[in-house]
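Results of the structural survey
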Amino acid sequence: MLILLYNLLLLLVILLVTPLLVWKYATTPKYSGTVLERLGFGSSPPARSPEKPLRIWIHAVSVGETITAGRLVDALVQRYPEAEILFSTVTKTGRAVARSNISPANHHFYLPADLTPIVNRVVSRIDPDLVIIMETELWPALFHTLGKRRIPIVLVNGRLSENSFRSYHRFRWAMKPILQPVARFIMQSEADAQRMLSLIGTDDNRVVSSGNLKYEQATHQPSEQEITALRNRLGLEKRVQESPLWTVASTHPGEEEAILEAFALCRSSIPDLRLILTPRHPERGSDVETLCRRAGFDTQRYSDCLNRKQPWRSSIVIIDAVGVLRSLYALSTLVTVGGSLVPKGGQNILEPAAAGKVAVFGPHMANFRHATQTLL
């Protein structure tokens, strides 16, 4: 009854916002061309092979979770060579990163809309033996469908912030049955584990704490070849430190204005300082470029440096691509991590730390509280 009610409510919401959805999927690059697949009509995975009898479906919502999953996939393939990996994401950028970074995956696809008929069709087509959900992505219809088919679900690198916990706890009567099909909750910290236990039952042995996979991912540094390739694509001088670089990673709307104001102040003392801005969503590159030009800075986009083969000669470059941040950290003099100047919960500060850079961040780091406390 709970899942039936959930499906009816979700369907009602979809019907109410259909005009907005049609417009959004038709005009927004990150959504366009994905509708059919999200409705469960995507391409089928390869037929099962006798050499790969174990089929593992891994889901990561976007870029950060996808990057984190990379090391897990490598370990799974090494431990279980008979496993076939299928990988789903929600966003286009996540899928692009998955295709370039999750090379062992045999099939990439978008997670279907969480309505039981659609999920049923996709699960039947995928036919997994195990489903791994990165972090804390809760999909009631998917979990219910997998549970009915006795397909085990493992939640990996689980995180449950205080705010999310308070919200979920108000509906504990619903959360407990929704989470019942999950075979194992592998949480990032003991605090996350305790919050999960409070939701599903304090004597539940399905919950364990094993540390944050992002620490493991942070140890995987780019090669000198990758760093040199990015330096050449940007047209940077070999001795980067003579022209200090300030990289601001994963910015959200409302943060760029503060960064540009600070950049102007810094340039009064360090005239040759240059700024690398990497919006959290690359499709915002054009808007961020306009913002920089209005603030009086000569600005280029990374894609223009590549397409027009023009080396970076402006004060600011906007990174409108994915997969280059770790190499940027290695080139940078100073790193600031976005999502922390506005209440977005912060972004990963472990990667710049692993590159030997002290990351500057704002007060809003709720999603990375343990990492923040550890580094401080």
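Okay, so let's go over this structure. (Residues numbered from 1 in each chain as written. Predicted model: local features only at pLDDT ≥ 70, side-chain atom pairs only at ≥ 80, totals over all residues. Heavy atoms only, no water.)

So, the packing of aromatic side chains
Applying the stated criterion to the full structure yields three aromatic pairs. Arranged with centres 5.3 Å apart and planes meeting at 55 degrees, the rings of W57 and F109 form a pair that is tilted. On the criterion of sequence distance, the pair formed by W57 in strand β1 (residues 54-59) and F109 in strand β3 (residues 105-110) is long-range, its members being 52 residues apart. Accessibility assignment for this pair places W57 and F109 in one class, buried. Aromatic side chains F263 and F297 sit 5.1 Å apart centroid to centroid with 50 degrees between the ring planes, which places their arrangement in the tilted category. Of the two residues, F263 sits in helix α13 (residues 256-269) while F297 sits in the loop between α14 (285-294) and β10 (299-301), which places them 34 residues apart along the sequence. Among the aromatic residues, those joined into a cluster by ring pairs are W246, F263 and F297. The ring of Y110 carries R38 above its face, with NZ or CZ at 4.5 Å from the centroid. In this structure, R95 packs its charged tip against the face of Y110, placed 4.5 Å from the ring centre. (Phe/Tyr/Trp six-rings, centres within 6.5 Å; stacked < 30°, edge-to-face > 60°. Helix = DSSP H or I, 4+ residues; strand = E, 2+ residues; numbered from the N terminus. Buried < 20%, exposed > 50% of the residue type's maximum accessible area, 1.4 Å probe, protein only. Lys NZ or Arg CZ within 6 Å of the ring centre and 35° of its normal.)

Structural notes on the pairing of strand β9 (residues 274-279)
Within β9, six of the six residues are buried, leaving the element largely enclosed by the surrounding structure. Residues R274, I276 and T278 of β9 are buried on one face, and the alternating residues L275, L277 and P279, pointing to the opposite face, are buried as well. Sheet topology places strand β8 (residues 245-251) next to β9; six bridges connect them, and they run parallel. Among the inter-strand pairings, A249 is bridged to a residue of β9, identified as T278. The parallel pair β8 and β9 is bridged by α13, and the resulting crossover is right-handed. As paired elements, β9 and strand β11 (residues 316-318) share three bridges and run parallel to each other. Directly across from L277, in β11, lies its bridge partner I318. (Pairing = 2+ DSSP bridges. Right-handed = clockwise from strand over helix to strand, strands pointing away.)

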